[in-house]
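One-letter residues, chain by chain:
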Number of protein chains: 2
Amino acid sequence: MALVVVGSVAYDGVETPHGAVDRMLGGAATYISLAASYFTPVKLVGVVGDDFASEDAALLASRDIELTGLERVPGGKTFFWSGVYSADMNDRTTLRTDLNVFADFNPQLPESYRSEPYLFLGNIQPALQRSVRAQMHRLRLAGGDTMNYWINDFRAELLETLKGWDFLLINDGEARLLSGQSNLRRAAAGIQAMGPRALVVKRGEYGAVLLRGGCHFMAPGYLLEEVFDPTGAGDCFAGGFMGYLAGRGVALDGAEVDFADLRRAVIYGSIMGSFCCERFGVDRFRTLTHAEIEARYQEFKSCTAF
Amino acid sequence: MALVVVGSVAYDGVETPHGAVDRMLGGAATYISLAASYFTPVKLVGVVGDDFASEDAALLASRDIELTGLERVPGGKTFFWSGVYSADMNDRTTLRTDLNVFADFNPQLPESYRSEPYLFLGNIQPALQRSVRAQMHRLRLAGGDTMNYWINDFRAELLETLKGWDFLLINDGEARLLSGQSNLRRAAAGIQAMGPRALVVKRGEYGAVLLRGGCHFMAPGYLLEEVFDPTGAGDCFAGGFMGYLAGRGVALDGAEVDFADLRRAVIYGSIMGSFCCERFGVDRFRTLTHAEIEARYQEFKSCTAF
């Protein structure tokens, strides 16, 4: 049972205190798909120009990520973003954003994608997220993320979109902005009333909190020895979280509902985010093995149990 | 086996989004002692003026906190601090600091304190912390906290002081400042080389990390429904942490060394910090019961296990 992932596929220029790369594979859908691919088959939906390198397509294909839904615009250029991180890597400044073919992205799902049970909607225009969801007719679990820009300037559209989601991934500040509540538990209650029964609040290096009904689960962030490049870590969290749930065949409102599965999904999200930071861009996924993921899961357990 | 606590005893004026109190009992040693008193007998060392109210002494005494070491300066006034919190309570602005009798604090321990096995050194001048430690001659476990001011302006003295500590409680930013390392694991290794074999890094609402040798333990912050007043939360963390270790008879280098005890101490620290925030100043400790503490411990367990 495959997971459909929609979002940006891009080239990034990144500078961190550990070095700089002018142009490398990036984009939310790329990171989400790579992380999720360790847990479940993935089908990607996105758009690129004809500058999209065959070696980048090959990396995705090597992880068995289906690219039928990756539209290539002849004569178009792929979305490009560049930014520079602060010394502690907790802040970053965008240097350049060239939307290119992504500006006209209007995702049409291949027929072979439409009956898949799992859908993750990356951070794109809420109306497009809704359109993608409407194209799928056998969903068991659908959710995604969003950002300040849509919360502030496309609020009505976002609220309409969220009605159809089972879960929302969001960061602390966005949860407060969306709900108008500064306390996280109250913010979660407000957002759950908008539609998504489960909420995952990402807190960067500090971990994540999962809230569903009256229950919550708190996961601290994995303590890395060295952060090379945090680009994509939040998306890899999403990929690990959703990929694990899809791989387990979880449905939030079905008989299989299990809060324990959701907890483990949060931990796998944290783990995939932590691996992502160990190399520039997507490089860690060129070598990452299932055994390394399982070892980190056990380490996480031993560092949090009491 | 009692715990000796040294630090400020004060009156505070506090304004939060939930209200304001002009003058109420406060000070690091007060909060540390109150929190620790749920786990072990406490002997306080501090200084107040003769404006120190008998009802405040009575509150401390009601928790069996020994006050023989609380010096009263005739004609003197008690340390006063006031501040106002931001809307999200993550920042505060100091409005007034009147050191009063605290400016000449030179702690002399009563004879009855000097053979106790446990010592927590609150945030005072490093030379005074060292002097207190030197007055005790049967210590099993000693540690404390410090702040940016001492790290920046009294560095040599602080380094001399830290040599004699078993553990240090510190926040993220202070750990980075003291070690010169931005990565927390590297910062911890640097600080452990200065003396304290165990390091507890407090991260406010995000929890705490315990590091000792190659092991670490990560605890997320307790998710409160409502934060009334965060004043003293960090000190209550310290009191819960150290009080639990003292109550268990733990020595960091003895045969009883048990990383599991240290983990639980961090959780009890988080719990005592969380209770502190539920009312203004020390008010929560007027009613808090052991049963409530144990219930929160179980809740913490159920919200973090996976």
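Keep in mind the model is a prediction, meaning the values are calculated, not measured.

Colleague: Even after reading the chapter, I still don't get the sheet that holds strand β9 (residues 141–145) of chain A, so can you show me in this structure?
Modeller: Paired through backbone hydrogen bonds, the strands of a sheet run either parallel or antiparallel to each other. Residue and element names in this part refer to chain A. Read across the open sheet, the nine strands follow the order β5-β4-β1-β8-β9-β10-β11-β12-β13; overall the sheet is mixed. Each edge of the open sheet carries a strand with a single partner, namely β5 (65–73) and β13 (215–219). The average angle at which neighbouring strand axes cross in this sheet is 15°, direction not considered. Bridge analysis of strand β11 (residues 198–202) against strand β12 (residues 208–212) gives five bridges, and the strand direction is antiparallel. Bridge assignment links L199 to a residue of β12, and that residue is L211. Against the sheet, helix α3 (residues 126–134) engages β1 (3–6), β4 (42–49), β8 (118–121) and β9, with an angle of about 170° to β8.

Colleague: Hey, could you run me through the packing of helix α1 (residues 28–36) of chain B against helix α8 (residues 233–248) of chain B in this one?
Modeller: Relative orientation and spacing of two packed helices are given, respectively, by the angle between their axes and the distance between those axes. Residues and elements named next belong to chain B. In contact at an axis separation of 7 Å, α1 and α8 are set at 40° when each is read in the N-to-C sense. Considered as vectors, α1 and α8 are oriented oblique to each other. Here α1 runs over α8; the crossing is right-handed. On α8, the residues touching A28, Y31, I32, S33, L34, A35 and A36 of α1 are D235, C236, A238, G239, G240, M242 and G243. Along the lines of polarity and charge, the residues of the contact of α1 with α8 split into nine nonpolar, four polar and one charged.

Colleague: What am I meant to see in the environment of A265 of chain A here?
Modeller: Residue and element names in this part refer to chain A. Mapped onto the secondary structure, A265 falls in helix α9 (residues 259–276). Accessibility expressed as a C-beta count within 10 Å gives 27 for A265, which makes it buried. For the pair formed by A265 and Y244, sequence separation is 21 residues and the distance between their alpha carbons is 5.5 Å. Beyond its immediate sequence surroundings of up to four residues, A265 is in contact with F241, Y244 and L245.

Colleague: Any chance you could explain unusual backbone geometry here in plain terms?
Modeller: Most peptide bonds are trans, and most residues other than glycine sit at a negative phi. Although it is not a glycine, N100 of chain A adopts a positive phi angle of roughly 50°. Inspection of the secondary structure assignment puts N100 of chain A in the loop between β7 (92–98) and β8. Residue N100 of chain A is classed as partly exposed on the basis of its C-beta count, with 19 C-beta atoms lying within 10 Å. At M89 of chain B, a residue that is not glycine, the phi angle is positive and equals roughly 65°. Its location among the elements puts M89 of chain B in the loop between β6 (79–85) and β7 (92–98).

Colleague: Looking at this structure, I do not really get the interface of chain B and chain A. What am I missing?
Modeller: When the parts of a complex come together, some accessible area is lost, and that lost area is often taken as the interface size. Across the contact, 24 residues belong to chain B and 24 residues belong to chain A. Breaking the side of chain B that touches chain A down by element, the ones donating at least two residues are α7 (184–192), β13 (215–219), α9 (259–276) and α10 (290–304) of chain B. For the side of chain B that touches chain A, the element with the most residues is β13 of chain B, which contributes four residues.

Colleague: Help me understand the relation of the copies chain B and chain A in this model?
Modeller: Put simply, the two copies of the chain differ by a rotation about an axis and a shift along that axis. Superposition record for chain B on chain A: RMSD 0.0 Å, screw rotation 180°, translation along axis 0.0 Å. One copy is carried onto the other by what is essentially a two-fold rotation axis. By C-alpha distance to the rotation axis, the residue of chain B lying nearest is P220 of chain B, at 2.5 Å. Both copies present the same face, since 100% of the interface residues in chain B are matched by interface residues at the equivalent positions in chain A.

Reading guide: rules and limits
Residues numbered from 1 in each chain as written. Chains lettered and ligands numbered in written order. Predicted model: local features only at pLDDT ≥ 70, side-chain atom pairs only at ≥ 80, totals over all residues. Pairing = 2+ DSSP bridges. Helix = DSSP H or I, 4+ residues; strand = E, 2+ residues; numbered from the N terminus. Axes fitted to C-alpha atoms, helices over the stretch in contact; angles between N-to-C directions. Contact = placed C-beta atoms within 7 Å. Parallel < 35°, antiparallel > 145°, perpendicular 65-115°, else oblique. Left-handed = near helix turned anticlockwise from the far one by under 90°. Nonpolar A, V, L, I, M, F, W, Y, C, P; charged D, E, K, R; others polar. Buried ≥ 20, exposed ≤ 12 C-beta atoms within 10 Å, placed from the backbone. Least-squares fit on C-alpha atoms with pLDDT ≥ 70 in both.

The quantities given are spatial measurements derived from coordinates; they are silent on function.
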